[in-house]
Amino acid sequence: MMADKRTTVDNIVGELRSGMTIGIGGWGSRRKPMAVVRAICRSDLTDLTVVAYGGPDVGLLCATGKVRKVVCGFVTLDSIALDPHWRAARQHGRVEVMEVDEGMFFLGLQAAAWRVPFLPTRAGLGSDVLSINPDLRLVRSPYGAGSPYAGDPADADVELVAMPALRLDAAIVHTNRADAAGNGQVLSPDPFFDPLFLGAAERRFITTERIVADGTLADEAHPLSTVPIHRMLTDGVAETPGGAHFTANPPDYGRDEAFQKEYAAAAAAPAEWDAFAGRYVLVGEDEYQARIRERQAR
Amino acid sequence: MTDHHVTGVTRAEFCIVACADAWRGAGEVMASPFGTIPALGARLAKLTFAPDLVLTDGEAALMVGAPPIAAKPAELVREAAMTYRSVFDVVWSGRRHIMMMASQIDRTGNQNISAIGPHDRPKVQLVGVRGAPGNSVNHPTSYWVPDHNTRSFVEQVDVVSGVGYARAAAAGAGATRFHDVRRVVSNLGVFDFETPDRTMRLQSRHPGVSVDDVVTATGFALTIGDDAAETRLPTPEELDLIREVLDPGALRDREVRS
């Protein structure tokens, strides 16, 4: 009998603490674990460091005052270039940022998952990523001209950026399907960096549209390549249908563009945000999903 | 309507051809265009003089051929997987020539898409540096600026996202080895860095634009290559591909007005 890792969104959020560094999977406004994001917004958690390929997860958490710092290369809603809640938080100086190149970000997660302190890269050299993050350091290649391992002479003693490991206290990703043992299935073509977020984290959680019987994720229609997350990467699995709404989660559902527009428009004034938050953020997940169904029936 | 020397060819069409030419001779590399005009340019290049170019579907796959700009996802034919994770394998191997947009670009080829004003508290937050730092030091990089003015062409960008020539040189061999800021296309002309000090040069102005127009719209001293040089005309085949095949709905005119 494999361990049964089934849990709930509320239990996942119950394991988080103020001040933690939290990794959030997905990319932009795609396959974000929004049910957990909404639950964090409703909680009394504060002072979080959020590590993400940023989308409305970052915007919502900033708008509800949960965030001290964001580690990212961008924050976008895809069909809307920039999350206006993020823009407002930055322009009012309400949130710190460690802004790095997208590839540096990937290497930071990879370093944490591989338990090394950094990984070298050219990305960042010459850019203001190094000046806006003054604690970033360079590393010199130890393979100089005399070394049997010196490759191209142009790289002898070359200095590269030492991207530090992005260690996470917890990571949450959302998948189309999962099993109770903690294997996760992505039915759209791109798993993004979700396995790495889990690999970089101390506590690892999947939320999913549907939990299926152990060992039944792959079948004739769905090759094993649709299961990029194995159970060694997972501590808990919560079933939460619609849990990525309003971000894109094909083939279960696309992005709710009308809702996303309303979310973005709510950044225009405090009164509009209060109305939006009262209706869609500060309510329980069941109530939220009921209101979304009501909208979609209109 | 601007008075074109060549009747009937629109500014947008000159821009598409100027973008396409960025990929001339590129071989079997990934062309990553941002914006409608560069996307049309890359597809035009693939259909004509750069048939080996590799284009993505904007999601997680490489696509066969060069479909119309308004093609729906279901109409695309895909040839191989290209997840976001594997894009970095391409970027860091150098098999790519990207054309990014720039909120600001400066004299030595630095680009900014991060923030206007001080980074710790921006006057205007932009999307973020994205992959610009890594792209610009790993493979050929060009830029597309649809609105050329003194706010977009500036003496010095506020946050260096894509790395220009002087910055790369100062950062050393790790940055310069594969650094290659190739070309800037704006709605007014085509620019490169083929000067002794690797600062921006006007390579050609689009027909209907004067050198004075370009100089006035640029916030720094620009080297003028050949002040008579005009961006080349699309061939009849290219015009036909743009108008009848790639962009019959004229989406190009929404990005660049004539």
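Everything numeric in this text was worked out from a predicted model, so none of it was measured.

Calculation notes
- Residues numbered from 1 in each chain as written.
- Chains lettered and ligands numbered in written order.
- Predicted model: local features only at pLDDT ≥ 70, side-chain atom pairs only at ≥ 80, totals over all residues.
- Helix = DSSP H or I, 4+ residues; strand = E, 2+ residues; numbered from the N terminus.
- Buried ≥ 20, exposed ≤ 12 C-beta atoms within 10 Å, placed from the backbone.
- Contact = placed C-beta atoms within 7 Å.
- Rg over C-alpha atoms; globule rule 2.2 N^0.38 Å.
- Domains from an automatic or database assignment.
- Nonpolar A, V, L, I, M, F, W, Y, C, P; charged D, E, K, R; others polar.
- Pairing = 2+ DSSP bridges.
- Axes fitted to C-alpha atoms, helices over the stretch in contact; angles between N-to-C directions.
- Left-handed = near helix turned anticlockwise from the far one by under 90°.
- Right-handed = clockwise from strand over helix to strand, strands pointing away.
- Parallel < 35°, antiparallel > 145°, perpendicular 65-115°, else oblique.

K.L.:
Describe the overall build of chain A, listing the residues and the values that go with them.
P.N.:
Counting secondary structure elements, chain A contains 10 helices and 12 strands. For the C-alpha atoms alone, the extent of chain A along its principal axes is close to 70 × 50 × 30 Å. Looking at chain A residue by residue over its 298 residues, the buried ones come to 51%. Long-range contacts, defined as pairs at least 24 residues apart, comprise 73% of the intrachain contacts of chain A with a sequence gap of at least 6.

K.L.:
Requested: an account of the overall build of chain B, with residues and values cited.
P.N.:
Within chain B one finds nine helices and 15 strands. A globule of 258 residues ought to have a C-alpha radius of gyration of about 18 Å, and chain B, at 18 Å, matches this closely. For chain B, the spread of C-alpha atoms along the three principal axes comes to 45 × 45 × 35 Å. Burial analysis of chain B (258 residues in total) assigns 52% to the buried set. In chain B, once contacts between residues fewer than 6 apart in sequence are set aside, the share between residues at least 24 apart is 67%.

K.L.:
An account of the domain arrangement of chain A is requested, with residue identities and associated values reported.
P.N.:
All names here are of chain A. According to the domain assignment, chain A consists of domain 1 (6-101 + 166-214 + 225-258) and domain 2 (119-164). One C-alpha centre belongs to domain 1, the other to domain 2, and the line joining them spans 31 Å. Between domain 1 and domain 2, the residue contacts involve four residues of the former and five residues of the latter. Broken down by class, the residue content of the side of domain 1 that touches domain 2 amounts to two nonpolar, no polar and two charged.

K.L.:
Can you tell me about the interface of chain A and chain B, naming the residues and giving the values?
P.N.:
With 36 residues of chain A at the contact, the number on the chain B side is 36 residues. Here the element with the most residues in the side of chain A that touches chain B is helix α4 (residues 84-91) of chain A; it accounts for four residues. Of the residues belonging to the side of chain A that touches chain B, the class tally is 19 nonpolar, eight polar and nine charged.

K.L.:
Please provide a residue-by-residue account of the sheet that holds strand β7 (residues 137-140) of chain A, values included.
P.N.:
Residue and element names in this part refer to chain A. Strands sit in the order β6-β8-β7 across an open sheet of three strands; the sheet is antiparallel. With partners counted over all chains shown, the strands left at the sheet margins are β6 (118-121) and β7, one partner each. The average undirected angle you get between the axes of adjacent strands in this sheet is 45°. In this structure, β6 lies alongside strand β8 (residues 159-164), joined through four bridges in antiparallel fashion. Of the residues in β8, the one forming a bridge with F118 is P164.

K.L.:
Give a description of the environment of K32 of chain A that names residues and reports values.
P.N.:
All names here are of chain A. Position of K32 relative to the elements: it lies in the loop between β2 (21-24) and α2 (34-42). Note: C-alpha distance between K32 and A248 (216 residues apart in sequence) is 8.0 Å. Discounting chain neighbours no more than four positions away, the residues touching K32 are I24, G26, V37, G55, P56, D57, H174, A244 and T247.

K.L.:
Describe the packing of helix α2 (residues 36-47) of chain B against helix α8 (residues 236-246) of chain B, with residues and values.
P.N.:
When two helices pack together, their arrangement is given by the angle between their axes and by how far apart the axes lie. Residue and element names in this part refer to chain B. Between α2 and α8, the shortest axis-to-axis distance is 11 Å and the interhelical angle comes to 120°. Here α2 runs over α8; the crossing is right-handed. Residues L40, R43, L44 and L47 of α2 form the contact with α8, whose participating residues are E238, L241, I242 and L246. Here the contact of α2 with α8 is built from residues that sort into six nonpolar, no polar and two charged.

K.L.:
Before we move on, could you go through the pairing of β2 of chain A and cite the residues and values that matter?
P.N.:
Each regular strand carries side chains that alternate between the two faces of the sheet. Residue and element names in this part refer to chain A. Side chains of β2 alternate between two faces, with T21 and G23 and I22 and I24 buried alike. Where β2 and strand β3 (residues 48-52) come together, four bridges link them in parallel fashion. Among the inter-strand pairings, G23 is bridged to a residue of β3, identified as V51. In this view, the connection linking β2 to its parallel neighbour β3 by way of α2 has right-handed handedness.

K.L.:
Residues and numbers for the packing of α2 of chain A against helix α3 (residues 56-63) of chain A, please.
P.N.:
Residues and elements named next belong to chain A. At their nearest, the axes of α2 and α3 sit 9 Å apart, and the two run at 10° to each other. The orientation of α2 with respect to α3, classified from their angle, is roughly parallel. Here α2 contributes M34, V37, I40 and C41 to the contact with α3, which in turn contributes D57, L60 and L61. Of the residues in the contact of α2 with α3, the class split is six nonpolar, no polar and one charged.

K.L.:
Can you tell me about the pairing of strand β9 (residues 168-179) of chain A, naming the residues and giving the values?
P.N.:
Residue and element names in this part refer to chain A. In terms of burial, β9 is largely enclosed, as 11 of its 12 residues are buried. Examined bridge by bridge, β2 and β9 share three bridges and lie parallel to one another. Its bridge partner lying in β9, I24 is registered against I172. For β9 and strand β11 (residues 201-212), the ladder comprises 10 bridges, and the chain directions are parallel. Looking at the pairing, L168 lines up with A201 of β11. When β9 meets strand β10 (residues 184-185), the two strands line up antiparallel, connected through two bridges. Looking across to β10, one finds that A178 is bridged to G184.

K.L.:
I'd like to hear about the sheet that holds strand β4 (residues 78-81) of chain B, residue by residue, with values.
P.N.:
Residue and element names in this part refer to chain B. Spatially, three strands are ordered β2-β3-β4 in an open sheet, and the strand pairing comes out antiparallel. Each having just a single partner strand, β2 (55-56) and β4 make up the two edges of the open sheet. Sheet topology places β2 next to strand β3 (residues 61-63); two bridges connect them, and they run antiparallel. Counted as the bridge partner of T56 is L62 from β3.

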